[in-house]
Amino acid sequence: MPHDVLTVGFDLDMTLIDSRPGIRAVYQELSATTGTYIDADQAVGRLGPPLDWELRHWFAEEHIAAMVLKYREIYPTRAILPTPALPGAAAAVRAVQELGGRAVVVTAKNAPQATLHLDHLGITPDAVVGGLWAEAKATALREHGASVYVGDHLGDVLGARAAGALSVAVPTGPIGAAELREAGADIVLDDLTSFPAWLKDYAAQRA
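The rules we used
Residues numbered from 1 in each chain as written. Predicted model: local features only at pLDDT ≥ 70, side-chain atom pairs only at ≥ 80, totals over all residues. Heavy atoms only, no water. Pairing = 2+ DSSP bridges. Helix = DSSP H or I, 4+ residues; strand = E, 2+ residues; numbered from the N terminus. Core = buried A, V, L, I, M, F, W, Y, C linked by side-chain atoms within 4.5 Å. Buried < 20%, exposed > 50% of the residue type's maximum accessible area, 1.4 Å probe, protein only. Contact = heavy atoms within 4.5 Å. Salt bridge = Lys/Arg side-chain N within 4 Å of Asp/Glu carboxyl O.

Asks: Looking at this model, I keep getting lost on the sheet that holds strand β6 (residues 187-188). Mind explaining?
Replies: Hydrogen bonds between backbone groups are what pair the strands of a sheet, and the pairing can be parallel or antiparallel. Overall, parallel pairing links the six strands, which are arranged β3-β2-β1-β4-β5-β6 in an open sheet. If you trace the sheet from one side to the other, it starts and ends with β3 (127-129) and β6, each paired once.

Given below as structure tokens:
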């Protein structure tokens, strides 16, 4: 992707969508079907890292692969409908496209389920890349020529920095604004409602 095209990457969970209600429902169903205790509220308080990281809190290593499959089997029927967009999410993606740029979602969630959420909520990025966490997100960000990456987690800051992209952080997930700044976020916004105005200024300076 040519680097003269404005390309902005977005994280998904707790950046564009409040995935807590849906993921809580999936963990409750997984607990019920497996007979294994899972504290669903505790699990959704740790959103950000890959699914298998969280499952290791509740299942032995030899069961992780099977539980990932079971979780993903449950996910479409339990997680999509209860999950809302976060304030300003759709407008933030549109703001990139209205400036002639490309919006790319880069997430640790697998791409098919990420796409289900985005389609349900009417959020239309130009590409969705799943299965990447922290510094690994830099692979997709570089491939798409992203100069900005927007996320809510320390892992998102690491991904942006590894890609040489500007890290724009929103404290809408489990990490507070001060901690995001300390981790190296270049810009911290209260939420995505202020992103279009910030982006307009950024694009003008970049021109």
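Asks: Help me out: how do you make sense of the nonpolar core in this one?
Replies: Buried together is how nonpolar side chains tend to be arranged in soluble globular proteins. Counting residues in hydrophobic clusters, the biggest one holds 27 residues, and the most contacted among them are Val8, Phe10, Leu16, Phe195 and Leu199. Listing elements by their share of this core, those giving two or more residues are β1 (7-10), α5 (89-98), β2 (102-106), α6 (111-121), β4 (148-151) and α10 (195-206). Excluding residues within four positions of it along the chain, Leu16 makes contact with Phe10, Asp11, Ala85, Leu86, Ala89, Val93, Val105, Leu118 and Leu192. With 22 residues, the next largest nonpolar core counts Met14, Ile23, Ala40 and Tyr71 among its residues.

Asks: What exactly am I supposed to notice about the pattern of salt bridges here?
Replies: When their charged atoms lie close together, side chains carrying opposite charge are able to pair. Applying the stated rule across the entire model yields 10 salt bridges. Close ionic contact of Arg46 with Glu54 constitutes a salt bridge, the shortest N to O distance being 2.8 Å. The class of Glu54 is buried, set by a relative accessible area of 9%. Here Arg56 ties to Asp52 by a salt bridge, and the two come within 3.1 Å at their closest N and O atoms. Under the relative-accessibility criterion, Arg56 is labelled partly exposed at 38%. For Asp52, a relative accessible area of 25% translates into the label partly exposed. When salt bridges with common partners are traced through the structure, they connect Asp11, Lys137 and Asp156 into a single cluster.

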